[in-house]
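Listed here are the chains, written in short residue letters.
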Number of protein chains: 2
Amino acid sequence: MNSRSESELAFLSIEQAARLLRRREISPVDLVEAALARIEQASSKLNVFLTVLADWARGQAKKAESEIRRGRARGPLHGIPVSLKDNFATRGIRTTAGSKILAGWIPDADSDAAKSLAQAGAILLGKTNMHEFAYGITGENPHYGPSRNPWAPDRISGGSSGGSAVAVATGMGFGSFGTDTGGSIRVPSALCSLVGLKPTFGLVSTAGVVPLGASFDHVGPIARSVTDACILLEALDGKYPRGEKRPDYRKLRAGRPRRFRAGVPKQLYFDRVDHEVRELVEGAVKRFESLGARVEEVSLPRLEHGVEQATNLIVAEASAYHESQGYFPARAAEYGDDVRGHLEYGHKVLAVDYLRGLSARREIVEDFEAAFERVDVILAPTSPIPAPPVGESQVRIAGQRETATRAELLRFTRPSNLSGMPALSIPCGFTRAGLPVGLQLMGPRWGEARLLSIALAYEEATEWHKRHPHVT
Amino acid sequence: MNSRSESELAFLSIEQAARLLRRREISPVDLVEAALARIEQASSKLNVFLTVLADWARGQAKKAESEIRRGRARGPLHGIPVSLKDNFATRGIRTTAGSKILAGWIPDADSDAAKSLAQAGAILLGKTNMHEFAYGITGENPHYGPSRNPWAPDRISGGSSGGSAVAVATGMGFGSFGTDTGGSIRVPSALCSLVGLKPTFGLVSTAGVVPLGASFDHVGPIARSVTDACILLEALDGKYPRGEKRPDYRKLRAGRPRRFRAGVPKQLYFDRVDHEVRELVEGAVKRFESLGARVEEVSLPRLEHGVEQATNLIVAEASAYHESQGYFPARAAEYGDDVRGHLEYGHKVLAVDYLRGLSARREIVEDFEAAFERVDVILAPTSPIPAPPVGESQVRIAGQRETATRAELLRFTRPSNLSGMPALSIPCGFTRAGLPVGLQLMGPRWGEARLLSIALAYEEATEWHKRHPHVT
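**Student:** Describe the overall build of chain A, with residues and values.
**Tutor:** The number of helices and strands found in chain A is 16 helices and 15 strands. For 472 residues, the compact-globule estimate of 2.2 N^0.38 gives 23 Å, and chain A sits close to it at 21 Å. Overall, the C-alpha framework of chain A stretches about 60 × 55 × 45 Å when taken along its three principal axes. Here the analysis covers contacts within chain A between residues at least 6 apart in sequence; of these, 76% occur between residues at least 24 apart. Total accessible area on chain A is roughly 17700 Å²; 47% of this is exposed by carbon and sulfur atoms. Positive and negative side-chain charges of chain A, numbering 60 and 54 respectively, have mean locations separated by a distance of 5 Å.

Shown next as structure tokens:
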């Protein structure tokens, strides 16, 4: 075996772990045991996993160990333990989508993301807790318990990919795939001090994912560093149009532009923001200046009005899906109150309002396109607030009147679901109470490679990503 | 001048007229005067034109005459008088869309189709009557009078491009552009013994057309022969994807496949059809066999159910447009009863039903794609009935129970608006009462060139297109 502590093993970067595996200084078995020990220790307390695949993971670890020994190593994920949000279909493995309705569903085929993980040689530890049917941003699940924040367990992890974020933050695996329809990868990443990427719409297959709003659903990685996120993204095997740059984790550092233009949408993303969040994000913007960014203000004039109109699109698509499956309204009683309410609301949306939403969406895309003519990246907070307490439905931001926590948590992430352009959340500090804050980097369509390079430059200049929550 | 009678001049083919113009045996002035004489004689009786541009057309004819004399001839439409449906914006020329609401609208820019006509050197005679806002298939207009069928003036011309069809049928110009959202080019072409083409969705720009349902609106030609239709289509300057064959009227004959496969969807398109229509269409299918077609039955299993579901798409898009312009419900009283009723209905469609319609539409596309794996062309009636009397809202087909005339007239054309694939109506005979019957040819996406070649083979083997209505 090896001399490293379980905690050291659990928090290696994927690159480090892969190097040690190749040199046979450690075995996949060590990594899986370290992760399983942490799951054993804290998964129930924090409601992280809905299904743990301990035996399966141990078996896969042995297999990977033997493959690597025989010189048949695959890429950097070979032998690396990971998790999947429970809305990714996994063949022969229960897939609940965080719902009671699918509590007994055993899919007979893998989602594309599960296939990609298997092909890369990653080892699936289990399926993570999530907001019911991914239809919420808090991660509070009435059937399986709230996904709790490892930095403050009385607070939410954010959702809907809350379990995935908590698993990665606490060393229960090296990465996870989540889904993001309105912010469900980026918000829990921000609230748990992680790197979360919503890629360009259409890049990564969503086949085999229980849909929320099919025109807005994105599959993407949650990781502890920019490089780890890039390695996970590469495993997903997205198809880039000819001429667009495919991310390569080995080239991220070299791909960093020496000088670049960063846009700050002051009006929309810096008003009505928690004072500490704002300070930390403004500090990050300054840090970018010292890293070669020319910072300028950008305006997205039709965004605020447009997002309001386009919200109809997502809720209508969700209701249409649940009706088409015979779940809603037929089995309305089996939903949690919040999701049932959203489905009822979505059912009543008029087609004319849906169509108005489509027009608004086109205007949002045009606004972002115009901004990306001028700047390489847009910088903003990921969430206007740090993680609120579990169960707190209203929030007061910067001394203003109370508003709905849910709407606030989504406010800065949803625009990128409507634009279809990539957006990344990275850690940028902690409040005085020790709660993580996320910085959001938005880029133009197919711009993942450059976005990750710019994020890596910041990460290398800071220490935030090296802190891990203390879980007892 | 020339020795040809006004009637001879008015019914030349575009190719013949162009040849005579080039040889200076006739002048554009002769053609315009012949057309204006016929407009003078019968436009009011049949409610053909909403705006006649006599002075403008005479001026343009002089100009074209002088250009041709100076050897500056353009293509085959140079100096040819034509008309435009009144939903194409024309700069400085009233554009009503057949409505009271736009009765005073003078656009300050041309639609793309109007620009194309001008570039080709065609001479605009005027703007033709239509179903109000193109929202109906009968051509009965409460504000400007019903567009009457020149073969039987107590009967409808069909719509919504009724005036365009009647103008072309009666020699008031050589061709016209119409729009087709559910059959509005093909149905009046069938009912008036003309060639009408709905091209592939996306081929021809609809910029500057007052929309009905933007996902289903198509611009296309109405003409007296297949070659004329092809010449008019070419003028529209559609963009084909790389590798797809662009129609060329000089190559239509050569492009005709020696042997080809023709599909007949018996179940859907030959049930509940007027006996005489059915006989004539079946006769046409036999004629195709003698021309080298291998005829087989094709099935489109999800079409019937799908069309019903997808109808929601068009009505919702129409209501959304009229609301976005502040016409409806604000000015509801200014609409005719039928259009107001459709707009009210469309306003109530739920987004979930719209989304179900989108799924149904995808299935319709798949069904047609599967059929076009097996056959080159699908043959069917354009309309299950010949032109019904003006004002007759119910119809009894083949002795079955009464159904809505409007729904029946649309039944065979709407599927191609949903599939987005090209469809053509050509004359295939007359009932014993002397009413024209249309044969519909449907082809795969971007298949206009082959569709027109196949249609030309039939046209050359028949005489139907040589008959013209006697207008007194």
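**Student:** Give me the relation of the copies chain A and chain B: which residues, what numbers.
**Tutor:** Once turned by 180 degrees and shifted 0.1 Å along the axis, chain A lies on chain B with an RMSD of 0.0 Å. Such values leave the two copies arranged in the relation of a two-fold axis. Most of the interface of chain A is mirrored in chain B: 100% of its interface residues are interface residues there too.

**Student:** Pulling in residues and values, what's your account of the sheet that holds strand β14 (residues 423-430) of chain B?
**Tutor:** Residues and elements named next belong to chain B. As summarised here, the arrangement of the eleven strands in space is β1-β3-β2-β6-β8-β7-β14-β15-β11-β9-β10, forming an open sheet in which the pairing is mixed. Edge positions in the open sheet fall to β1 (49-52) and β10 (293-297), since each of these has one partner strand only. Going across the sheet, the axis of each strand differs from the next one's by a mean of 30 degrees, ignoring polarity. Pairing analysis gives three bridges linking strand β7 (residues 195-198) to β14, with the strands arranged antiparallel. Paired with Gly196 across the strands is Ser425, a residue of β14.

**Student:** With reference to specific residues and values, describe unusual backbone geometry.
**Tutor:** A cis amide bond, omega 0 degrees, links Gly159 of chain A with the succeeding residue Ser160 of chain A. The residue after Phe328 of chain B, namely Pro329 of chain B, is reached through a cis peptide bond having omega 0 degrees. For Pro329 of chain B, the location among the structural elements is in the loop between α11 (303-324) and α12 (337-348). With a phi close to 45 degrees, Arg272 of chain B is a non-glycine residue in the positive phi region. Note that Arg272 of chain B resides in the loop between α9 (266-269) and α10 (275-290). The phi angle at Ala398 of chain B is positive, at roughly 50 degrees, despite the residue not being glycine. Mapping Ala398 of chain B onto the fold places it in the loop between β12 (394-395) and β13 (403-404).

**Student:** If you had to explain the state of the cysteines to someone new, which residues and values would you point to?
**Tutor:** Counting across every chain of the model gives zero disulfides over all chains. Cys428 of chain A takes part in no disulfide bond, and the closest cysteine sulfur, belonging to Cys192 of chain A, lies 14 Å away.

**Student:** Quick rundown of helix α2 (residues 14-22) of chain A? Include the residues and the values.
**Tutor:** Residues and elements named next belong to chain A. Among all positions of α2, only Ile14, Ala17, Ala18, Leu20 and Leu21 are buried. When α2 is viewed along its axis, its buried side chains cluster within an angular range of 165 degrees and face the same direction. If you follow the buried residues of α2, they end up packed against α3 (28-46), α4 (54-69) and α8 (226-235). The positive-phi residue at the C-terminal boundary of α2 is Arg24, with phi of around 60 degrees.

**Student:** Got a sec to walk through the layout of surface pockets? Specific residues and values, please.
**Tutor:** Of the voids in this model, the largest pocket is the one considered here, and its volume is about 1100 Å³. Lining the largest pocket are 41 residues, with Tyr354, Leu355 and Leu358 of chain A together with Leu355 and Leu358 of chain B positioned closest to its centre. Listing elements by their share of the lining of the largest pocket, those giving two or more residues are α11 (303-324) and α13 (351-374) of chain A together with α11 and α13 (351-374) of chain B. Element by element, the count of residues in the lining of the largest pocket is highest for α13 of chain B, at nine residues. Among the residues making up the lining of the largest pocket, the classes are represented as 18 nonpolar, eleven polar and twelve charged.

**Student:** Which residues make up the environment of Gly438 of chain A, and what are the values?
**Tutor:** Residue and element names in this part refer to chain A. You can see Gly438 is positioned in strand β15 (residues 436-442). For Gly438, a relative accessible area of 5% translates into the label buried. Separated by 107 residues in the primary sequence, Gly438 and Arg331 place their C-alpha atoms 38 Å from one another. If near-sequence neighbours (up to four positions away) are discounted, Gly438 is found in contact with Ala190, Val281, Pro381, Thr382, Ser425, Ile426 and Cys428.

**Student:** Explain the pairing of strand β5 (residues 152-156) of chain B to me, and be specific about the residues and the numbers.
**Tutor:** Residues and elements named next belong to chain B. As paired strands, strand β4 (residues 148-149) and β5 are joined by two bridges and run antiparallel to one another. Within the sheet, the bridge partner assigned to Arg148 lies in β5 and is Ile156. Between β4 and the antiparallel strand that follows it, β5, lie two residues.

**Student:** Pulling in residues and values, what's your account of the interface of chain A and chain B?
**Tutor:** Interfaces are frequently sized by the accessible area removed from exposure as the parts join. Contacts between the two partners involve 15 residues from chain A and, on the opposite side, 15 residues from chain B. Surface buried jointly by chain A and chain B totals about 1100 Å² across both partners, of which 75% is contributed by carbon and sulfur atoms. Sorting the residues of chain A by area buried against chain B places Ala351, Val352 and Leu355 of chain A first, and these three jointly supply 43% of that buried surface. Inspection of the region where chain A meets chain B yields two salt bridges. A salt bridge links Arg356 of chain B to Glu323 of chain A, with the shortest nitrogen-to-oxygen separation between them at 3.9 Å.

**Student:** Describe the sheet that holds β15 of chain A, naming the residues involved and giving the relevant values.
**Tutor:** Residues and elements named next belong to chain A. Taken together, the eleven strands give an open sheet; going across it, the order is β1-β3-β2-β6-β8-β7-β14-β15-β11-β9-β10, and neighbouring strands pair in mixed fashion. Each end of this open sheet is capped by a strand with a single partner; those strands are β1 (49-52) and β10 (293-297). Strand after strand, the sheet turns through a mean of 30 degrees between neighbouring axes, direction not considered. Across two bridges, the pairing between strand β9 (residues 260-264) and strand β11 (residues 377-381) is parallel. If you follow Ala262 over to β11, its bridge partner there is Val377. Each of β1 and β3 (123-128) touches α4; the most contacted strand, β3, lies at about 160 degrees to it. Contacts from helix α10 (residues 275-290) reach β9, β10, β11, β14 (423-430) and β15, with the element oriented near 50 degrees to β15.

**Student:** Tell me about the pattern of salt bridges, and please be specific about residues and values.
**Tutor:** Scanning the model with the defined rule gives 52 salt bridges over all chains in all. Salt-bridge contacts for Lys115 of chain A lead to Asp112 of chain A; the nearest nitrogen and oxygen are separated by 3.5 Å. Residue Lys115 of chain A and its partner Asp112 of chain A are both found in helix α5 (residues 112-120); the two are separated by three residues, about one turn of the helix. Classification of Asp112 of chain A by relative accessible area gives partly exposed; the value is 27%. Salt-bridge contacts for Asp353 of chain B lead to Arg356 of chain B; the nearest nitrogen and oxygen are separated by 2.8 Å. Remark: Arg356 of chain B and Asp353 of chain B occur in helix α13; sequence separation between them is three residues, near one turn of the helix. Within this structure, Arg4, Arg23 and Glu25 of chain A form a network of salt bridges that share partners.

**Student:** Go over empty space enclosed by the protein, please, and point to the residues and values.
**Tutor:** All names here are of chain A. Tallied over the full model, the rule gives twelve cavities of 30 Å³ or more. Roughly 140 Å³ of internal volume is contained in the largest cavity. Listing elements by their share of the lining of the largest cavity, those giving two or more residues are α11 and α14 (405-410). Sorting elements by how many residues they give to the lining of the largest cavity places α11 first, with three residues.

**Student:** Can you tell me about the packing of aromatic side chains, naming the residues and giving the values?
**Tutor:** Enumeration over the complete set of coordinates arrives at 23 aromatic pairs over all chains. Ring geometry for Phe430 of chain A versus Trp464 of chain A: centroids 6.2 Å apart, planes at 55 degrees, classification tilted. On the criterion of sequence distance, the pair formed by Phe430 of chain A in strand β14 and Trp464 of chain A in the segment after α16 (448-460) is long-range, its members being 34 residues apart. Through successive ring pairs, a cluster of aromatic residues spans Phe133, Tyr321, Tyr327, Phe328 and Tyr335 of chain A. The ring centre of Phe174 of chain B lies 5.3 Å from the NZ or CZ of Arg224 of chain B, which sits over that ring.

**Student:** So what's going on with the packing of helix α8 (residues 226-235) of chain B against helix α16 (residues 448-460) of chain B? Which residues, and what values?
**Tutor:** All names here are of chain B. For the pair α8 and α16, interaxial distance at closest approach is 9 Å and the crossing angle is 160 degrees. Accordingly, the angle class assigned to the pair α8 and α16 is roughly antiparallel. Packed against α8, whose contacting residues are Val226, Thr227, Cys230 and Leu233, the element α16 presents Glu448, Leu452, Ala455, Leu456 and Glu459 at the interface. Of the residues that constitute the contact of α8 with α16, the class distribution is six nonpolar, one polar and two charged.

Here is what the cut-offs are and how they apply
Residues numbered from 1 in each chain as written. Chains lettered and ligands numbered in written order. Predicted model: local features only at pLDDT ≥ 70, side-chain atom pairs only at ≥ 80, totals over all residues. Heavy atoms only, no water. Helix = DSSP H or I, 4+ residues; strand = E, 2+ residues; numbered from the N terminus. Rg over C-alpha atoms; globule rule 2.2 N^0.38 Å. Contact = heavy atoms within 4.5 Å. Areas by Shrake-Rupley, 256 points an atom, 1.4 Å probe, with all protein chains shown as cover. Lys, Arg positive; Asp, Glu negative; His and termini not counted. Charge placed at Lys NZ, Arg CZ, Asp CG, Glu CD. Least-squares fit on C-alpha atoms with pLDDT ≥ 70 in both. Pairing = 2+ DSSP bridges. Axes fitted to C-alpha atoms, helices over the stretch in contact; angles between N-to-C directions. Disulfide = S-S within 2.5 Å. Buried < 20%, exposed > 50% of the residue type's maximum accessible area, 1.4 Å probe, protein only. Arc of directions from axis to C-beta. 1 Å grid on protein atoms, 1.4 Å probe; cavity = no way out; pocket = protein on both sides within 12 Å on 5 of 7 lines; lining within 4 Å. Points joined across faces, edges and corners; volume = space filled by probe spheres on them. Nonpolar A, V, L, I, M, F, W, Y, C, P; charged D, E, K, R; others polar. Buried area = accessible area lost by both parts, 1.4 Å probe. Salt bridge = Lys/Arg side-chain N within 4 Å of Asp/Glu carboxyl O. Phe/Tyr/Trp six-rings, centres within 6.5 Å; stacked < 30°, edge-to-face > 60°. Lys NZ or Arg CZ within 6 Å of the ring centre and 35° of its normal. Parallel < 35°, antiparallel > 145°, perpendicular 65-115°, else oblique.

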